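Inside the fold
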Amino acid sequence: MTDRVYKKVELVGTSPAGIEQAIQNAIATAGETLHHLDWFEVSEIRGHIAEGKVAHYQVVMKVGFRLER
């Protein structure tokens, strides 16, 4: 197995549609400028309430990507 080096960045994904969509939005946007995305871990889930209902979801996550040599 080849030695690899990774870097982690913290992202906040948002969506009115749900937690999974918030995660997908963050990864898709990060993938536009970061290469070799390999994994993510969710550390926080938050939301916004409007008129007694969930209006928006926020997911704080760390995403790991491989550094190129």
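Attention in this report is confined to the structure presented alongside it. Every chain is numbered on its own, with residues counted from 1 as its sequence reads. Residue-level local features of this predicted model are given only where pLDDT is at least 70; pairs of side-chain atoms are given and counted only at 80 or more, and the full residue set underlies all totals for whole chains, interfaces and linings. Side-chain descriptors were evaluated using all non-hydrogen atoms of the structure, hydrogens and water having been removed beforehand.

**What about the nonpolar core?**
This is how it is decided: For the purposes of this section, nonpolar cores are sets of buried Ala, Val, Leu, Ile, Met, Phe, Trp, Tyr and Cys residues that join through side-chain atoms within 4.5 Å. Note on classification: 1.4 Å probe, protein chains only; a residue is buried when its accessible area is under 20% of the maximum for its type, exposed when over 50%, partly exposed between these limits. For the purposes of this entry, the term helix denotes a DSSP run of H or I that reaches at least four residues, the term strand denotes a run of E that reaches at least two, and both are numbered from the N terminus. Contacts: residue pairs with any heavy atoms within 4.5 Å of one another.
Core analysis: the largest hydrophobic core is formed by eight residues, namely Leu-11, Ala-22, Ile-23, Ala-26, Ala-30, Val-59, Met-61 and Val-63. Of all the secondary-structure elements, those providing two or more residues to this core are α1 (19-30) and β3 (53-66). Discounting chain neighbours no more than four positions away, the residues touching Ala-30 are Leu-11 and Leu-37.

**Some thoughts on the sheet that holds strand β1 (residues 6-15)**
Selection criterion: Criterion used throughout: strands pair if DSSP finds at least two bridges between them. Axis definition: a line fit to C-alpha positions, over the contact stretch in the case of helices; interaxial angles, taken between N-to-C directions, run 0 to 180 degrees.
Spatial ordering of the open sheet is given by β1-β3-β2, a layout of three strands whose pairing is antiparallel. Strands at the two margins of the open sheet, each flanked by one partner only, are β1 and β2 (37-50). Direction aside, the axes of adjacent strands within the sheet are offset by 15° on average. By the bridge criterion, twelve bridges tie β2 to β3 in an arrangement that is antiparallel. Residue pairing for β3: Trp-39 is matched across the bridge by Gly-64. Each of β1, β2 and β3 is contacted by α1, which is oriented at about 130° to β1, the strand it contacts most.

**Some remarks on the pattern of salt bridges**
Just so we agree on the cut-off: For salt bridges, the criterion is a side-chain nitrogen of Lys or Arg within 4 Å of an Asp or Glu carboxyl oxygen.
With the rule as written, the count across this model stands at two salt bridges. A salt bridge links Asp-38 to Arg-66, with the shortest nitrogen-to-oxygen separation between them at 3.1 Å. Residue Asp-38 is located in strand β2, and its partner Arg-66 is located in strand β3; the two are separated by 28 residues in the primary sequence. We classify Asp-38 as partly exposed; its relative accessible area is 38%. The class for Arg-66 is partly exposed, based on a relative accessible area of 25%.

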